[in-house]
Amino acid sequence: MERTVFPVDVLCLCNADGRIQPLRVRMEDEEKQLRCLDIAQVLGTREVNFVGIEARIYLCRAETRGSSWLFELQSKIRSRSWTLLRWGPCKRIGI
């Protein structure tokens, strides 16, 4: 997966038990056009604490234009911001 770090907009669902589930990601592509990705599946989550910054990392899968993509979303808890960390096609990493 390619390592990228840039802010994205995320539509998410907050479940009754307090879990957050990302549903859709909106970002700018290379041509400065807004693109939306529907998240087909959240494969896993983990909590990290780096230099006092609490965050959750979501490993997600989306399908677009006939191909499947994996990406990592970071949700910073205090600032309530979302960042795309890494992304790449599924076939490249063996899934």
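Residues numbered from 1 in each chain as written. Predicted model: local features only at pLDDT ≥ 70, side-chain atom pairs only at ≥ 80, totals over all residues. Heavy atoms only, no water.

**With respect to the overall build of the chain**
Our working definition: Helix and strand assignments come from DSSP, with helices taken as H or I runs of at least 4 residues and strands as E runs of at least 2, each series counted from the N terminus. All radius of gyration figures rest on C-alpha atoms, and the globule criterion is 2.2 Å times the number of residues raised to 0.38.
Within the chain, the regular secondary structure consists of 0 helices and 7 strands. Starting at the N terminus and walking to the C terminus, you meet the elements of the chain as β-β-β-β-β-β-β. For 95 residues, the compact-globule formula gives about 12 Å, and the C-alpha radius of gyration of the chain, at 13 Å, lands near that figure. Over its C-alpha atoms, taken along the principal directions, the chain stretches across nearly 35 × 25 × 25 Å.

**Remarks on unusual backbone geometry**
Test applied: Buried, partly exposed and exposed residues are distinguished by accessible area as a fraction of the type maximum, computed with a 1.4 Å probe on protein chains only: under 20%, between the cut-offs, and over 50%, respectively.
Phi angles above zero are rare outside glycine, and Lys 32 is one such case at about 65°. As for its position among the elements, Lys 32 is in the loop between β3 (20–28) and β4 (34–50). Even without glycine at this site, Val 51 takes up a positive phi of about 50°. Locating Val 51 in the fold gives a position in the loop between β4 and β5 (53–64). We classify Val 51 as exposed; its relative accessible area is 70%.

**Side note on the confidence of the model for the chain**
How we decide: Confidence per residue, as judged by the predictor, is encoded in pLDDT with a range of 0 to 100.
The predicted model of the chain has a mean per-residue pLDDT of 86, with 91% of residues at 70 or higher. No element of the chain has a lower mean pLDDT than strand β1 (residues 2–7), at 74, and none a higher one than strand β2 (residues 9–14), at 94.

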